[in-house]
Amino acid sequence: GPHAKILCIDDLRIAATEKLPAGARDFYNSGSTDQLTLHENTSAYSKYRLRPRVLVDVSRCDPSTTCFASPVAFPLGVSPAGLQAMAHPSGELATARACARRGVSMCISSFANYSVSEIRAAGLGVRGDMRHAMQLYTMKDRGLEEKILRKAESEGCSAVFLTADSPVLGVRYNEWRNDFRTPKGLNFPALEWDAEDIQGRTHDDGFMSFNDDGHNWARDIPWLRSVTKMEIWIKGVLTAEDTLKAIEMGCDGVLVSNHGGRQLDGVAATIDALPECVEAAAGRIRIHVDGGIRSGTDMFKALALGAEHVWVGRPAIWGLAYDGEQGVDLMLDTFYNEFKRCMQLTGCNSVKDITKACLGVVRSDGP
Ligand code: FNR
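Note that this is a predicted model, so its numbers are computed, not measured.

Thresholds, definitions, all that
- Residues numbered from 1 in each chain as written.
- Predicted model: local features only at pLDDT ≥ 70, side-chain atom pairs only at ≥ 80, totals over all residues.
- Helix = DSSP H or I, 4+ residues; strand = E, 2+ residues; numbered from the N terminus.
- Rg over C-alpha atoms; globule rule 2.2 N^0.38 Å.
- Buried ≥ 20, exposed ≤ 12 C-beta atoms within 10 Å, placed from the backbone.
- UniProt positions renumbered as here; feature names shortened; annotations may be inferred.
- Contact = placed C-beta atoms within 7 Å.
- Core = buried A, V, L, I, M, F, W, Y, C linked by C-beta atoms within 7 Å.
- Axes fitted to C-alpha atoms, helices over the stretch in contact; angles between N-to-C directions.
- Parallel < 35°, antiparallel > 145°, perpendicular 65-115°, else oblique.
- Left-handed = near helix turned anticlockwise from the far one by under 90°.
- Nonpolar A, V, L, I, M, F, W, Y, C, P; charged D, E, K, R; others polar.
- Right-handed = clockwise from strand over helix to strand, strands pointing away.
- Pairing = 2+ DSSP bridges.
- pLDDT = per-residue confidence, 0-100.
- Expected span 1.5 Å × (residues − 1).
- Arc of directions from axis to C-beta.

Moving on: the overall build of the chain. If you tally the helices and strands in the chain, you get 14 helices and twelve strands. Relative to the compact-globule value of 21 Å for 367 residues, the chain shows a C-alpha radius of gyration of 19 Å, a close match. Viewed in the frame of its principal axes, the chain has a C-alpha envelope of about 65 × 50 × 45 Å. Per-residue burial over the chain gives 49% buried out of 367 residues.

On to the UniProt feature "active site" (unreviewed entry) in the chain, then. As recorded in UniProt, the sites labelled "active site" (unreviewed entry) are H259. Residues within four places of H259 in sequence aside, it is in contact with D165, S166 and G236.

To continue, consider the nonpolar core. Within the largest apolar cluster, 107 residues are counted, with the highest numbers of intra-cluster contacts made by V160, W233, V254, V256, L274, C277 and A302. The residues touching W233, leaving out its near neighbours within four places in the chain, are A159, V160, F161, L162, C251, D252, G253, V254 and L255.

A few words on the packing of helix 4 (residues 91–102) against helix 14 (residues 314–346). Two elements in contact, helix 4 and helix 14, have axes whose closest approach is 10 Å; the angle formed by their N-to-C orientations is 15°. Compared by their axis directions, helix 4 and helix 14 come out roughly parallel. The two elements helix 4 and helix 14 meet at a crossing, and its hand is right-handed. Taken together, the residues of helix 14 that come into contact with helix 4 (itself represented by G91, A94, T95, R97, A98, R101 and R102) are A316, L320, G324, E325, V328, D329, L332, D333 and Y336. Of the residues belonging to the contact of helix 4 with helix 14, the class tally is seven nonpolar, three polar and six charged.

Here we take up unusual backbone geometry. In the Ramachandran plot, T33 falls in the positive-phi region, its phi being about 30° despite a non-glycine side chain. Relative to the helices and strands, T33 is located in the loop between helix 2 (22–29) and helix 3 (36–43). Phi at H259 takes a positive value of approximately 65°, unusual for a residue other than glycine. Counting through the fold element by element, H259 comes out in the loop between strand 9 (253–256) and helix 12 (270–281).

In this section: the pairing of strand 6 (residues 132–136). Across the five residues that make up strand 6, a large majority, five, are buried. Here strand 6 shows two buried faces, one formed by H132, M134 and L136 and the other by A133 and Q135. This β-α-β element, strand 5 (residues 106–108) to helix 5 (residues 116–126) to strand 6, shows right-handed connectivity. Bridge count for strand 6 against strand 7 (residues 159–163) is four bridges, and the pairing is parallel.

Moving on, we get to the confidence of the model for the chain. Note that predicted coordinates carrying low pLDDT should not be read in detail. Mean pLDDT over the chain stands at 96; residues scoring 70 or higher make up 98%. The complex prediction reports pTM at 0.97, with the ipTM value standing at 1.00.

A few words now on the environment of S154. Its location among the elements puts S154 in helix 6 (residues 142–154). Taking the number of C-beta atoms within 10 Å as the measure of exposure, S154 has 11 and is therefore exposed.

Moving on, we come to the UniProt feature "binding site: glyoxylate" (unreviewed entry) in the chain. Residues given the UniProt feature "binding site: glyoxylate" (unreviewed entry) here are Y137, R172, H259 and R262. Its place among the elements puts Y137 in the loop between strand 6 and helix 6. Residue class for Y137 comes out buried when judged on the 22 C-beta atoms lying within 10 Å of it. Once residues lying within four places of it in the same chain are set aside, the contact partners of Y137 are S110, T163, S166 and N211.

Our next topic: the packing of helix 1 (residues 9–19) against helix 14. Packing of helix 1 against helix 14 brings their axes to within 10 Å, and their N-to-C directions diverge by 165°. As judged from the angle between their axes, helix 1 and helix 14 are roughly antiparallel. Two packed elements cross with a definite hand, and for helix 1 against helix 14 that hand is right-handed. From helix 1, I9, L12, R13, A15, A16 and K19 reach across to helix 14, where they touch P315, W318, G319, A321, Y322, L330, M331 and T334.

This part is about the environment of T355. Locating T355 in the fold gives a position in the loop between helix 14 and strand 12 (359–362). T355 gets classed as exposed once you count the C-beta atoms within 10 Å, which come to 12. Through-space distance from the C-alpha of T355 to that of V328 is 29 Å; in sequence the pair is 27 residues apart.

What follows concerns helix 6. Structurally, the α-helix is built with 3.6 residues per turn, so residues lying three or four positions apart point the same way. An ideal rise of 1.5 Å per residue puts 18 Å on 13 residues; helix 6 measures up with 18 Å between its terminal C-alpha atoms. Among all positions of helix 6, only E145, I148, L149 and A152 are buried. Down the axis of helix 6, the sector holding all buried residues measures 95°, keeping them to one side. Among the exposed residues of helix 6, those pointing more than 90 degrees away from its buried face are G143, R150 and S154. Where helix 6 is buried, its residues contact helix 5, strand 6, strand 7 and helix 10 (217–227). Once helix 6 ends, the next one or two residues include G156, with phi positive near 95°.

Given below as structure tokens:
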């Protein structure tokens, strides 16, 4: 077939990366400073071994579950990654259609190149019960922040993902080395930036101009609650302490994330931070995870360690860059097929069967 050589997400990464100009490629693929966390997000998965049960009837294996209290085909969604139209002109519209087709959720970035209305319409056009979350930064302009929230809610988004790991932007050398600027013609409707303003700015300058480094639990979470009925999720939690804080503040969920290694370099791989968050949560708050997940087996390990659901950022970008909407279809199908195959080969018939008992040897020397 047309995708005969794309057998896994790493094949997709390589094929997509070849198609992108250097500035875009490095913007998407790189992490901050030494990129220790970027690489460890993926490599940390290799220290876990699976512990399969054999001679289990897996003929009716069903990877479906729920996300935002709504059915999804399997426990994976697309994380909020900005600037998707730089990878393919259809950008977030293509991602939304592919997610709807595969029966999974998508989180819309505040840096999306299409409006929330357009992205919602694209997804709902394929599947009427498609779920979106809206990613939000705490902004100096509280009026604009409120406008983004109200727009997301009125368009039917189910949740807000408050990005909590970015009081300031992480230092990404690639953007300075390439003098990275957004290509002409791309818009940022949620942020209401005009094209001329964007052209003159680096990403760092643009981000620092609107983002509020005064953000904090006590001010921002009660305010969010007063403005919206959407679920409130904290994106970027890496510790038991902050998991407990999210519970105390009445949040609906926690996304264990290090922003794909793009914010503070040197923090733990998310799969290594996950267990302490799960333990602290003790079932009182939902826990999802993203960062470095590149196979159905990685997904399976995250679920075995207590995540309810996972999200992927760059794999969607690679799908877009490789073949637009069909590329995202290919990415999602690859994860779906690998995850279901992994469940069957470990003797799991439903995601509830994926427990700690499914993980065996943990190499203590790390990857
Ligand atoms: C991101 N991420 C991100 N997160 C966020 O909260 N708001 C944003 O606008 C963006 N933008 C963004 C752009 C690009 C190009 C990337 C790669 C990532 C982080 C994203 O939501 C997610 O946490 C990571 O991408 C997950 O890691 P993987 O799957 O990319 O390894």
